[in-house]
Amino acid sequence: MTEPATAAAPNRQWIRQAVDFGALVAFGAAYVVHRARGLEGGEALVQATWVLVAASAIALIVGYLVERRLAPLPLLAGGFALIFGVLTLFFHDPSVLKIKLSIQNGLLAAILLGSLPLKKYPFKYLLGDSIRVTDAAWRTLTLRYGLYFAAIAITNEIVWRNYSDDTWVAFRGIIWIAACVFGLAQVPFILKHLIKDDEPAVPGPTSPDPGL
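Residues numbered from 1 in each chain as written. Predicted model: local features only at pLDDT ≥ 70, side-chain atom pairs only at ≥ 80, totals over all residues. Heavy atoms only, no water.

*Asks:* Kindly report on the packing of aromatic side chains, identifying the contributing residues and their values.
*Replies:* On inspection of all chains with the given rule, the structure shows 8 aromatic pairs. With 6.2 Å between their ring centres and 90 degrees between their planes, phenylalanine 123 and tryptophan 138 make a pair best called edge-to-face. You can see phenylalanine 123 sitting in helix α5 (residues 123-127) and its partner tryptophan 138 sitting in helix α6 (residues 135-162), a full 15 residues away along the chain. Each member of the pair phenylalanine 123 and tryptophan 138 is classed as buried. On the basis of an interplanar angle of 85 degrees and a centroid distance of 5.0 Å, the ring pair of tyrosine 145 and phenylalanine 182 is categorised as edge-to-face. With a gap of 37 residues between them, tyrosine 145 in helix α6 and phenylalanine 182 in helix α7 (residues 165-192) connect regions that are remote in the sequence. What makes phenylalanine 182 buried here is its relative accessible area of 17%. We note arginine 144 situated over the ring of phenylalanine 189; from NZ or CZ to the ring centre the distance is 4.5 Å. (Phe/Tyr/Trp six-rings, centres within 6.5 Å; stacked < 30°, edge-to-face > 60°. Helix = DSSP H or I, 4+ residues; strand = E, 2+ residues; numbered from the N terminus. Buried < 20%, exposed > 50% of the residue type's maximum accessible area, 1.4 Å probe, protein only. Lys NZ or Arg CZ within 6 Å of the ring centre and 35° of its normal.)

*Asks:* Quick rundown of the pattern of salt bridges? Include the residues and the values.
*Replies:* All chains considered together, the criterion is met by 4 salt bridges. In this structure, aspartate 166 engages arginine 35 in a salt bridge whose closest nitrogen and oxygen atoms are separated by 2.9 Å. With a gap of 131 residues between them, aspartate 166 in helix α7 and arginine 35 in helix α1 (residues 2-36) connect regions that are remote in the sequence. Taking the relative accessible area as the measure of exposure, arginine 35 reaches 31% and is therefore partly exposed. Among the salt bridges present, the one from aspartate 135 reaches lysine 124, with a minimum N-O distance of 3.7 Å. Here the residue aspartate 135 occupies a position in helix α6, and lysine 124 occupies one in helix α5, the gap between them amounting to 11 residues. Taking relative accessible area as the criterion, aspartate 135 reaches 48% and is therefore assigned partly exposed. The exposure class assigned to lysine 124 is partly exposed, which follows from its relative accessible area of 35%. (Salt bridge = Lys/Arg side-chain N within 4 Å of Asp/Glu carboxyl O.)

*Asks:* So what about the packing of helix α3 (residues 72-91) against helix α4 (residues 94-115)? Which residues, and what values?
*Replies:* Where α3 meets α4, the axes come as close as 9 Å, and the angle between the chain directions of the two elements is 155 degrees. It follows that α3 is roughly antiparallel to α4 by the angle criterion. The crossing of α3 and α4 is right-handed. On the side of α3, the interface is formed by Leu73, Leu76, Ala77, Phe80, Ala81, Phe84, Leu87 and Thr88, while α4 contributes Pro94, Val96, Leu97, Ile99, Lys100, Ile103, Gln104, Leu107 and Leu108. A per-class count over the contact of α3 with α4 returns 14 nonpolar, 2 polar and 1 charged. (Axes fitted to C-alpha atoms, helices over the stretch in contact; angles between N-to-C directions. Parallel < 35°, antiparallel > 145°, perpendicular 65-115°, else oblique. Left-handed = near helix turned anticlockwise from the far one by under 90°. Contact = heavy atoms within 4.5 Å. Nonpolar A, V, L, I, M, F, W, Y, C, P; charged D, E, K, R; others polar.)

*Asks:* Could you give me a rundown of unusual backbone geometry, with the residues and numbers involved?
*Replies:* The residue histidine 92 is not glycine, and still its phi comes out positive at about 55 degrees. Looking at the secondary structure, you find histidine 92 in the loop between α3 and α4. You can call histidine 92 partly exposed: its relative accessible area is 44%.

*Asks:* Before we move on, could you go through a nonpolar patch on the surface and cite the residues and values that matter?
*Replies:* Residues Ile83, Leu87, Phe90 and Phe91 make up a contiguous nonpolar surface patch of about 450 Å² in total accessible area. When you line up the elements, phenylalanine 90 lands in helix α3. By relative accessible area, phenylalanine 90 is classed as exposed at 64%. (Patch = residues over 30% accessible without salt bridge, like charges linked within 9 Å, V, L, I, M, F, W, Y side chains within 5 Å. Areas by Shrake-Rupley, 256 points an atom, 1.4 Å probe, with all protein chains shown as cover.)

*Asks:* Help me get a handle on the packing of α4 against α7, residues and values and all.
*Replies:* Orientation of α4 relative to α7, taken along the N-to-C sense of each, is 35 degrees, at an axis distance of 12 Å. At the point where α4 passes α7, the crossing takes the left-handed sense. Residues Leu97, Lys98 and Leu101 of α4 touch α7, and the partners they reach there are Asp165, Trp168, Phe171, Arg172 and Ile175. Grouping the constituent residues of the contact of α4 with α7 by class yields 5 nonpolar, no polar and 3 charged.

Right, dumping it as structure tokens:
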């Protein structure tokens, strides 16, 4: 009776990853369509934001239906996407959407890196019960993810302030790929430090970028 439940947890995690990243795919596709119609980059971003807001709301709803709860990290990313998406539409200013990535990742970096001297690991709360590892492993993961978030925030500031809208949208896609690679790279470390009395299920990649 326990085997199906054990197998279901990784499946739910993969479904959540697919749904979360689906919002970004929809946003990117909408931007490409509007650019093909002849809109300028900034206007195309604003119009594509309608899709991002709708897709973010759908991602949160589907995530809740799959897991019967709103996991903290997807909820945080979805909330930021909805708030900054609505502000982008209200002010008709694509820079609001662009800076969202810097604020979201900068905030996460500050929380995670700032927690290390206190020997507190809020990353455990952000991930919910998706993995269970030792405290030493949480410290390492907190440092790694904190540095990743900081690097994305800084890089985003450089890209959106100095390059075109097309470049920024392409950069957003590159972050998606980088997040997948980074998440997969943590799996061997997580498996090595799993709490021994847990079920021996292989965790899915814990992506630092839900894609919203």
